[in-house]
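Single-letter residue listing:
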Amino acid sequence: MNYKIENARMPILTADEMRAADRASTEQFGVPSIELMRHAGAAVARFVEREFPDCRRIAVLCGKGNNGGDGFVAARELAAAGREVRVLLLGDPADLKGDAKTASEEMKIAPVVARNDEELGSAEVRGLLEEADLFLDAVVGTGFKPPLRGLPATLRDRVNALATPVVAVDLPSGWDADSREFVVEGAYRADAVVTFTAPKLAHIWGNLTGSVDGPIVVAPIGSPPEAVQSSLKLCWAGASMAVARQPRVADSNKGMYGHVLVIGGAKGKSGAPSMASLAALRTGAGLVMAAVSESILLMVAGVAPELMTIPLREDDAGDIDPARVNFDALLERKTVLAVGPGLGQKPGAEKFLLELMERARVPMVLDADALNILTRHREKIDGSSRTMVLTPHPGEMARLAGISIKEVQANRESLAREFAVKHGVILALKGWRTLIAHHDGEIAVNTTGTPALAKGGSGDILTGIIAAMLAQHPDHAADAVNAAVYLHGLAADFAVREQDEHTLLATDVVAHLWCGFRFKAQDEGGYTWLQGLPRAAQEAR
């Protein structure tokens, strides 16, 4: 199926690239900078109206720069919508310049001014902070370089000491937009973040909201796509869900959506191939077959009546006997192989895998025991003649690369890119913000998922989802894998809302895949949800 995928890429920008995009929007495409600010502030206000409907008293905390200007616009819009709005300006109003000054004049709300520590400690400021139901943090934004000092730092300490929810405008003040750190000391806390045009590095890597479900959204403000350019070769994985949402044609048949063969399941390891197979079925593959050791065949077959099975003969020690495997029959009419879940690492399994890789010419997803076997045969990792996807966790990646886990975690981005380019593969390196590195050097970063996935079986589920997506979209392999990783985490995000993250099972994620397929990351308000779920989506569950 060849079809055009619209909007299948959202680049991740540096602070300088974001400034360049704003400048190009104005200078090359004729969008006035004050209009960009008006759109940004209005987007923040709409987000607050929709996602925090019970917060009536809003305190907008503004600096003197353009981030403060966004806050002034948001204050005006929220007041017009009937909210009780008070504005705190850090600094002298006479110091306002350019668009921020214009936005201040258009706000028509007299701000409470704090020019120094004495004024910041006044009864008026204390009342503004203590009476608020919600803070808008518009103190400093993308252009700021830490650390915070002076009045912004003093205000930060007071805000962080309160339980009042905080919506950050662009970034939590004090967070470096170019930071790849998980946590940054000295920044304002945030319960939600609204940024503009495209995510910056900090929106992707940072734990900005202190949790995995605090909303982080991107709002369009009028910059043409042509103005948004980046040299990082980083993009957001969720944009690739466009490939998964292509409607099926009316005269569809199962042969149009691929035949996945899940290969694994050594004696005593029926769970892993069962879960991978179930996930492949639920993700939409036309046909799914599991090839497992004959001693566990009946257990695997019982996972779903839709699952076909084929036995892998064993020797007397319970190891796969490759001499008794009919490879031609095994591979006949299969379109994608998912290899490794429960395969084992005994000599027979190792010989079987190596012969399978020599014979098979269809896309392969390699996980678990298959990866561990390949640490002894790295020369076999070659995606030059067919799509090859590897899905290591940090420990498996360390073994594949011949380095320590600590070294993997310290250099995830460069390591994943170098490995994918060198071997011509797609590498899904799991962890906080799973990286999907492609052989052209681009990396898609996933922002869905929950700590509940830190449990046995999660990787097997992901393997099945990736295989099914490749089976359905063979001409769009990169997008198919990006979408699969995003979908896996998104289904878990939905599932954990119905139970505690400690109790979630990997198979519960499979049961919520339908939620992920139906969820649109770009909602009717134009916001793209990098993290978290809209209030409406949560209430519907």
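The preceding data block contains the structure.
Bear in mind the structure is a predicted one, so any value in this text is a computation, not a measurement.

Draft legend 1. Focus on the overall build of the protein chain. Counting its secondary structure elements, the protein chain contains 22 helices and 18 strands. Relative to the globule expectation of 24 Å for 541 residues, the C-alpha radius of gyration of the protein chain, 26 Å, shows essentially globular dimensions. Taking the principal axes of its C-alpha atoms as reference, the protein chain extends roughly 85 × 50 × 45 Å. Once local pairs closer than 6 in sequence are excluded, the contacts in the protein chain between residues at least 24 apart make up 73%. Entry remark: accessible area of the protein chain is about 21500 Å², with carbon and sulfur atoms responsible for 50%.

Draft legend 2. Highlighting the sheet that holds strand 3 (residues 112-114). Pairing within the open sheet is mixed, and its eight strands lie in the order 3-2-1-4-5-6-7-18. Strands at the two margins of the open sheet, each flanked by one partner only, are strand 3 and strand 18 (528-531). Sheet twist, expressed as the average angle between the axes of neighbouring strands with direction ignored, equals 20°. Summarising the sheet, strand 6 (residues 192-196) and strand 7 (residues 216-219) pair through four bridges and their orientation is parallel. Looking at strand 7, one finds that Phe196 is bridged to Ala219. Running over the sheet, helix 6 (residues 123-131) touches strand 1 (57-62), strand 2 (84-90), strand 3 and strand 4 (134-138) and is turned about 130° from strand 2.

Draft legend 3. Representation of the side chain of Ser104 in the model. Structurally, Ser104 is set in helix 4 (residues 98-107). The buried category is assigned to Ser104, whose relative accessible area is 19%. Ignoring sequence-local partners within four residues, the contact set of Ser104 consists of Phe72 and Leu96.

Draft legend 4. The packing of helix 18 (residues 458-472) against helix 19 (residues 477-495), seen in detail. At their nearest, the axes of helix 18 and helix 19 sit 9 Å apart, and the two run at 145° to each other. Crossing hand, helix 18 versus helix 19: right-handed. Of the residues in helix 19, those touching helix 18 at Ser458, Ile461, Leu462, Ile465, Ile466, Met469 and Leu470 are Ala477, Ala480, Val481, Ala483, Ala484, Val485, Leu487 and His488. The class makeup of the residues in the contact of helix 18 with helix 19 is 13 nonpolar, two polar and no charged.

Draft legend 5. Broad picture of the environment of Ser295. Note that Ser295 resides in the loop between strand 10 (287-293) and helix 11 (297-301). C-alpha of Ser295 to C-alpha of Asp382: the two residues are 87 residues apart in sequence and 32 Å apart in space. Apart from the residues lying within four places of it in its own chain, the contact partners of Ser295 are Lys267 and Glu314. Polar contacts involving the side chain of Ser295 include one to the side chain of Glu314, which spans 2.9 Å.

Draft legend 6. Structural view of the sheet that holds strand 9 (residues 259-263). Ordered in space as 8-17-16-15-14-13-12-9-10-11, the 10 strands form an open sheet in which the pairing is mixed. Bordering the open sheet on either side are strand 8 (234-236) and strand 11 (308-312), each of which pairs with just one other strand. Here the strands of the sheet are splayed against their neighbours by 20° on average, with no regard to which way each runs. Across the sheet, helix 10 (residues 271-283) lies against strand 9 and strand 10, angled at about 175° from strand 10, the strand it touches most. Packed onto the sheet, helix 18 meets strand 9, strand 12 (336-339), strand 13 (364-366) and strand 14 (388-390) and runs at close to 170° relative to strand 12.

Draft legend 7. Spotlight on the environment of Ala168. As for its placement among the helices and strands, Ala168 is situated in strand 5 (residues 166-169). On the basis of relative accessibility, which here comes to 0%, the residue Ala168 falls in the buried class. The residues contacting Ala168, other than those within four sequence positions of it, are Asp137, Ala190, Ala192, Val193 and Val194.

Draft legend 8. Summary view of the side chain of Glu413. Structurally, Glu413 can be placed in helix 17 (residues 412-423). The class of Glu413 is buried, set by a relative accessible area of 15%. A polar contact is formed between the side chain of Glu413 and the side chain of Arg180, at a distance of 2.9 Å. Apart from residues no more than four positions distant in its own chain, Glu413 is found in contact with Arg180, Trp205, Leu234, Leu435 and Ile443.

Draft legend 9. Region of the structure containing the pattern of salt bridges. Summed over all chains, the structure comprises 29 salt bridges. For Arg76, the salt bridge goes to Glu77, with nearest N and O atoms at 3.2 Å. Ionic pairing is found between Glu413 and Arg180, a salt bridge with its closest N-O pair at 2.9 Å. Taken as a pair, Glu413 in helix 17 and Arg180 in the loop between strand 5 and strand 6 lie far apart in primary sequence, 233 residues in all. Assessed through its relative accessible area of 40%, Arg180 is described here as partly exposed. Each of Glu35, Arg38, Arg76, Glu77 and Glu106 takes part in a single network of salt bridges with overlapping partners.

Draft legend 10. Representation of the pairing of strand 10. Most of strand 10 sits inside the fold, with six of its seven residues counted as buried. Pairing between strand 9 and strand 10: five bridges, direction parallel. The residue bridging Leu261 from the neighbouring strand is Met289, located in strand 10. Read from strand 9 through helix 10 to strand 10, the crossover connection turns out right-handed. Bridge count for strand 10 against strand 11 is five bridges, and the pairing is parallel. Each bridged residue has a counterpart across the sheet, and for Ser293 the counterpart in strand 11 is Leu312.

About the cut-offs
Residues numbered from 1 in each chain as written. Predicted model: local features only at pLDDT ≥ 70, side-chain atom pairs only at ≥ 80, totals over all residues. Heavy atoms only, no water. Helix = DSSP H or I, 4+ residues; strand = E, 2+ residues; numbered from the N terminus. Rg over C-alpha atoms; globule rule 2.2 N^0.38 Å. Contact = heavy atoms within 4.5 Å. Areas by Shrake-Rupley, 256 points an atom, 1.4 Å probe, with all protein chains shown as cover. Pairing = 2+ DSSP bridges. Axes fitted to C-alpha atoms, helices over the stretch in contact; angles between N-to-C directions. Buried < 20%, exposed > 50% of the residue type's maximum accessible area, 1.4 Å probe, protein only. Left-handed = near helix turned anticlockwise from the far one by under 90°. Nonpolar A, V, L, I, M, F, W, Y, C, P; charged D, E, K, R; others polar. Polar contact = N/O pair within 3.5 Å; in protein donor to acceptor, adjacent residues only side chain to side chain. Salt bridge = Lys/Arg side-chain N within 4 Å of Asp/Glu carboxyl O. Right-handed = clockwise from strand over helix to strand, strands pointing away.

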